[in-house]
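Here is how the chains run, residue by residue.
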Protein chains: 2
Amino acid sequence: MIKRRRARKVKIGNVEIGGDAPVSIQSMTKTDTKAVDSTLNEIRKLKRAGCEIVRVAVKDDDALEAFKRIVSRSEMPIVADIHFNPKLALGSIDAGASAIRLNPGNIKSRQDIEVIIRRAKDRRIPIRIGVNSGSLSVKNGTVAESMAKGVSDYIKIFEKSGFQDIIISLKSSDVSETIEAYRKMAGSCDYPFHLGITAAGPYLSAAVKSSIGIGTLLQEGIGDTIRVSMTGDPLAEVEIAKEILSSLKLRSFGPEIISCPTCGRCEIDLAEIVEGVRERLKEMKKVSLPLKVAIMGCVVNGPGEAQEADIGIAGGKDSAALFKKGKKIKNLKQEEVIDVLIAEIKAF
Amino acid sequence: MIKRRRARKVKIGNVEIGGDAPVSIQSMTKTDTKAVDSTLNEIRKLKRAGCEIVRVAVKDDDALEAFKRIVSRSEMPIVADIHFNPKLALGSIDAGASAIRLNPGNIKSRQDIEVIIRRAKDRRIPIRIGVNSGSLSVKNGTVAESMAKGVSDYIKIFEKSGFQDIIISLKSSDVSETIEAYRKMAGSCDYPFHLGITAAGPYLSAAVKSSIGIGTLLQEGIGDTIRVSMTGDPLAEVEIAKEILSSLKLRSFGPEIISCPTCGRCEIDLAEIVEGVRERLKEMKKVSLPLKVAIMGCVVNGPGEAQEADIGIAGGKDSAALFKKGKKIKNLKQEEVIDVLIAEIKAF
């Protein structure tokens, strides 16, 4: 069991972040914000996939106009992503954003920041202080030290204004730098953390870097909401985020499949069975029951894993033994394995 | 920089494991071992993909006959994977295996083990003691404790026979249990470790679980050779393993792509550029130069990341600024970006 760092609780719309709230999943729209309908469509798809908070870039006045319409029609809390221009922060708050994100690297005037803080306070929404290694304004020491220093200095302005509805992120494109930055920050404040590796690249690279970076910190109890940054379809970001959280048993998103890599011992088409079960389980993703399904190729680890699982099979020659709650129930022919497994999972 | 646990050095064929040797990549053939040509074909493909040690299941006398022919024609060191039957261990050693793997859960007779040890000593090959949570014989305490206990008891037999050419693995299908088991073992011996999460499931699940499990341990300096267990194509196991090692800067397998997830700010088709560059870089995978290429969508983190990288672009409106070694060189049209990046990478 992971003992989580005790962070102050903050709310983005109806989603609690910090305290004892479950680690939430975020993503960001990749459509042109001005295209209101496609942006709303992406938000709907993200929500269906399991995303809980979505960020939308507000980069100019036209985007701000569109943002107002998006916010009024969105079913998910929206964070306005602001860089360079403090007026867009104020406009986004007025438009009904559930939170805004400021980048200490490009919104630096103390006066501007104080005006934004007052407006956020009036509207009772939190502000994410999100620093990225790629937009650091000053570098002192290591990248991790510079990011932590940048955030700490920024926080002081907020605290002097009596504003503590803060979420913090310190993202580098380097996994180790990112981990180091969050660790440094974790000891020095109780604000909740948004975790992520920035610019983590395409699918596999993003999955691996985010798993190591976010996974390492979550195991240490650090992190309250996560975002996987991936070049490509944002739905995949959500899928990877769910895998990270369920791998660490922090959350459950339907049945977990334990399946062996297969080897020269395997006499059953295991990859096909796993693919078939996985496809048909997709409709059951909303089951939050932490059901464990073991699909194993042979007698070496098969019976053992199948016994540990709620439901399991251990492959034989073009056949498989079915296990339920640790007991062997019967033998199945290869062609009936998928149907029987799905039926057993549904019956659970 | 990761400070690695100092492990005794062991050799599997020409590949050093432990000591100051780089963390090596393993996989396992999934063909029927009796199908000599397809098994050799899979080994060749694995080698081309970057696999350095391959394991082959020897499950019966027919497989052993085939194994002899496979070993004699393989270009990669082969580890014979043995369960249940000690005679197959002896046969595999005689056949010229570069190492064998024994499972303490199913080869238990002290006398049998001692005969195998003597034979391995004569042939000067190491033995991997590979315990899996799914084939634990006795469970005392947590799964991690049971695995560590099982291995420790087994090691005693080896040490009494004066045999220390040992590699250890303690794999559970649960990420946290696996990490706990290796940590326990790391303090109590100096044998090199083979890391992996067993039965990690299909592609994404295997990538995420292996990244968190193997990645966490590697960051602590634990681990000398790794295997990603994935239901599906073994070449993907190697691809994921490489990503894990390069994410932690433990090894380099050609240029690293840093690319942003894109958002409503991006006015260039970044995903297409990343995909194009990635495709054309595949032929350059053998470049071990740790070159960093940043492909970024806009001016927020783009110039910063591009400046940190060896070569980089920061997207503009259907265009991009090219950076080299931190300096902006020129502006490019969207359609020339891929060609220019590839040319610049090749020129490096």
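The rules behind each value
Residues numbered from 1 in each chain as written. Chains lettered and ligands numbered in written order. Predicted model: local features only at pLDDT ≥ 70, side-chain atom pairs only at ≥ 80, totals over all residues. Heavy atoms only, no water. Helix = DSSP H or I, 4+ residues; strand = E, 2+ residues; numbered from the N terminus. Buried < 20%, exposed > 50% of the residue type's maximum accessible area, 1.4 Å probe, protein only. Contact = heavy atoms within 4.5 Å. Areas by Shrake-Rupley, 256 points an atom, 1.4 Å probe, with all protein chains shown as cover. Lys, Arg positive; Asp, Glu negative; His and termini not counted. Charge placed at Lys NZ, Arg CZ, Asp CG, Glu CD. Core = buried A, V, L, I, M, F, W, Y, C linked by side-chain atoms within 4.5 Å. Phe/Tyr/Trp six-rings, centres within 6.5 Å; stacked < 30°, edge-to-face > 60°. Lys NZ or Arg CZ within 6 Å of the ring centre and 35° of its normal. Pairing = 2+ DSSP bridges. Axes fitted to C-alpha atoms, helices over the stretch in contact; angles between N-to-C directions. Domains from an automatic or database assignment. Buried area = accessible area lost by both parts, 1.4 Å probe. Salt bridge = Lys/Arg side-chain N within 4 Å of Asp/Glu carboxyl O. Polar contact = N/O pair within 3.5 Å; in protein donor to acceptor, adjacent residues only side chain to side chain. Nonpolar A, V, L, I, M, F, W, Y, C, P; charged D, E, K, R; others polar. Least-squares fit on C-alpha atoms with pLDDT ≥ 70 in both. Right-handed = clockwise from strand over helix to strand, strands pointing away.

Chemist: Can you help me understand the overall build of chain A in this one?
Modeler: Scanning chain A for helices and strands turns up 11 helices and 15 strands. For chain A, the residues scored as buried account for 61% of the 348 residues in total. Sequence-distant contacts, at least 24 apart, represent 64% of the contacts inside chain A between residues at least 6 apart. About 13200 Å² of surface is accessible on chain A, with carbon and sulfur atoms providing 47% of the total. Computing the positive centroid from 55 side-chain charges and the negative centroid from 45, chain A places the two 4 Å apart.

Chemist: Whenever I open this one, the nonpolar core confuses me. Can you help?
Modeler: For soluble globular proteins, nonpolar side chains are generally found buried alongside one another. Residues Phe158(A) and Phe158(B) are the most contacted members of the largest nonpolar core, which totals 164 residues. Leave out the neighbours within four places in its chain, and Phe158(A) touches Leu102(A), Ile113(A), Ile117(A), Ile127(A), Ile129(A), Phe163(A) and Ile166(A). By size, the runner-up hydrophobic cluster in this structure holds 29 residues, among which are Cys260(B), Ile273(B), Val340(B) and Ile342(B).

Chemist: Would you mind showing me how to read the packing of aromatic side chains here?
Modeler: The geometry of an aromatic ring pair comes down to the distance between the two centres and the angle between the two planes. Tallied over the entire structure, the rule returns seven aromatic pairs over all chains. Relative to Tyr203(B), the ring of Tyr203(A) lies with its centre 6.4 Å away and its plane at 10°, an arrangement referred to as stacked. On the criterion of chain membership, the pair formed by Tyr203(A) in helix H7 (residues 203-219) and Tyr203(B) in helix H7 (residues 203-219) is interchain, its members lying in two chains. Classification of Tyr203(A) by relative accessible area gives partly exposed; the value is 27%. Following the ring pairs from residue to residue traces out a cluster consisting of Tyr154(A), Phe158(A) and Phe163(A). Sitting over the face of the ring of Phe193(A), Arg5(A) holds its NZ or CZ atom 4.0 Å from the ring centroid.

Chemist: Would you explain the environment of Lys160(B) in this entry?
Modeler: Residue and element names in this part refer to chain B. By the secondary structure assignment, Lys 160 is in helix H5 (residues 143-160). Accessibility expressed as a relative area gives 69% for Lys 160, which makes it exposed. Separated by 134 residues in the primary sequence, Lys 160 and Ala 294 place their C-alpha atoms 54 Å from one another.

Chemist: What is the right way to read the sheet that holds strand S12 (residues 292-296) of chain B from this model?
Modeler: Sheet strands associate in pairs through backbone hydrogen bonding, adopting either a parallel or an antiparallel arrangement. All names here are of chain B. Spatially, S11-S12-S13-S14-S15 is the arrangement adopted by the five strands of the open sheet, whose pairing is mixed. Among the strands making up the open sheet, the edge pair consists of strand S11 (256-259) and strand S15 (327-333). Taking each pair of neighbouring strands and ignoring which way they run, the sheet shows an average axis angle of 20°. Both S12 and strand S13 (residues 311-315) contribute to a ladder of four bridges, which runs parallel.

Chemist: Please clarify how the pairing of strand S11 (residues 256-259) of chain A should be interpreted in this entry.
Modeler: On a regular strand, each side chain points to the face opposite its neighbour's, so the side chains alternate between the two faces of the sheet. Residue and element names in this part refer to chain A. Side chains Glu 256 and Ile 258 of S11 all project onto a buried face; the interleaved residues Ile 257 and Ser 259 project onto the opposite face, where all are buried too. Strand direction decides the pairing type here: S11 and strand S12 (residues 292-296), joined by four bridges, are parallel. Following the sheet pairing, Glu 256 is matched in S12 by Lys 292.

Chemist: Honestly, the environment of Ala200(B) in this entry has me stumped. Any pointers?
Modeler: You can see Ala200(B) is positioned in the loop between strand S9 (194-195) and H7. Given the relative accessible area of 0%, Ala200(B) is considered buried. In this structure the C-alpha to C-alpha distance between Ala200(B) and Asp122(B), which are 78 residues apart in sequence, comes to 36 Å. Residues contacting Ala200(B), with those up to four places away along its chain left out, are Ser259(A), Ser205(B), Ala206(B), Lys209(B), Ser210(B) and Ser229(B).

Chemist: Which parts of the structure should I look at to understand the domain arrangement of chain A?
Modeler: Think of interface size as the accessible area that goes away when the parts come together; that is how it is often given. Domain boundaries in chain A define domain 1 (10-247) and domain 2 (256-347). Placing a centre on the C-alpha atoms of domain 1 of chain A and another on those of domain 2 of chain A gives a separation of 39 Å.

Chemist: Is there a simple way to explain the interface of chain B and chain A in this structure?
Modeler: Contacts between the two partners involve 77 residues from chain B, matched on the other side by 76 residues from chain A. Buried area between chain B and chain A, summed over both chains or domains, comes out near 5600 Å², and the portion from carbon and sulfur atoms is 56%. Put simply, chain B and chain A have six salt bridges between them. Between Glu267(A) and Lys59(B) there is a salt bridge, and its shortest N-O distance comes to 3.4 Å. Here chain B is connected to chain A by 26 residue pairs in polar contact (both at pLDDT 80 or more). Elements represented by at least two residues in the side of chain B that touches chain A include exactly strand S5 (78-82), helix H6 (175-186), H7, helix H8 (234-247), S11, helix H9 (270-281), S12 and helix H10 (302-308) of chain B. For the side of chain B that touches chain A, the leading source of residues is H7(B), giving 11 residues. Residues belonging to the side of chain B that touches chain A are distributed by class as follows: 30 nonpolar, 28 polar and 19 charged.

Chemist: What is the right way to look at the relation of the copies chain B and chain A in this model?
Modeler: Relating one copy of the chain to the other takes a rotation about an axis and a shift parallel to that axis. For the pair chain B and chain A, the relating rotation is 180°, the translation along its axis is 0.0 Å, and the fit reaches an RMSD of 0.0 Å. On this basis, the relationship between the two copies can be described by a two-fold rotation axis. Within chain B, the C-alpha atom positioned nearest to the axis of rotation is that of Ile212(B), 2.4 Å from it. Of all interface residues in chain B, 99% are interface residues in chain A too; the two copies therefore contact each other through one and the same surface.

Chemist: How should the pairing of strand S5 (residues 78-82) of chain A be read in this particular structure?
Modeler: Residue and element names in this part refer to chain A. The buried count for S5 comes to five of five residues, which makes it a mostly enclosed element. Side chains Ile 78, Ala 80 and Ile 82 project from S5 onto one buried face, and the interleaved Val 79 and Asp 81 project onto a second face that is buried too. As defined by bridge partners, strand S4 (residues 53-57) adjoins S5 across four bridges and the pair is classed as parallel. In the strand pairing of S5, Val 56 is matched with Ala 80. The handedness of the S4 to S5 crossover, carried by helix H2 (residues 61-73), is right-handed. In terms of strand pairing, S5 meets strand S6 (residues 99-102) through four bridges, oriented parallel. Looking across to S6, one finds that Ile 82 is bridged to Leu 102.

Chemist: Mind showing me how you'd approach the side chain of Thr231(B) here?
Modeler: Examined against the element boundaries, Thr231(B) turns out to sit in the loop between strand S10 (225-227) and H8. Side-chain polar atoms of Thr231(B) contact the side chain of Ser259(A), separated by 2.5 Å. Reaching out from Thr231(B), the side chain makes a polar contact with the backbone oxygen of Cys260(A) at a distance of 2.7 Å. With sequence-adjacent residues up to four places away left out, Thr231(B) is seen in contact with Ser259(A), Cys260(A), Pro261(A), Leu270(A), Ala271(A), Val274(A), Gly201(B), Pro202(B) and Tyr203(B).

Chemist: Would you take a moment to explain unusual backbone geometry for this structure?
Modeler: Peptide bonds are trans in most cases, and residues, glycine excluded, mostly fall at negative phi. Residue and element names in this part refer to chain B. Even without glycine at this site, Ala 199 takes up a positive phi of about 50°. The exposure class assigned to Ala 199 is buried, which follows from its relative accessible area of 0%. Positive phi outside glycine occurs at Lys 249, with the angle close to 60°.

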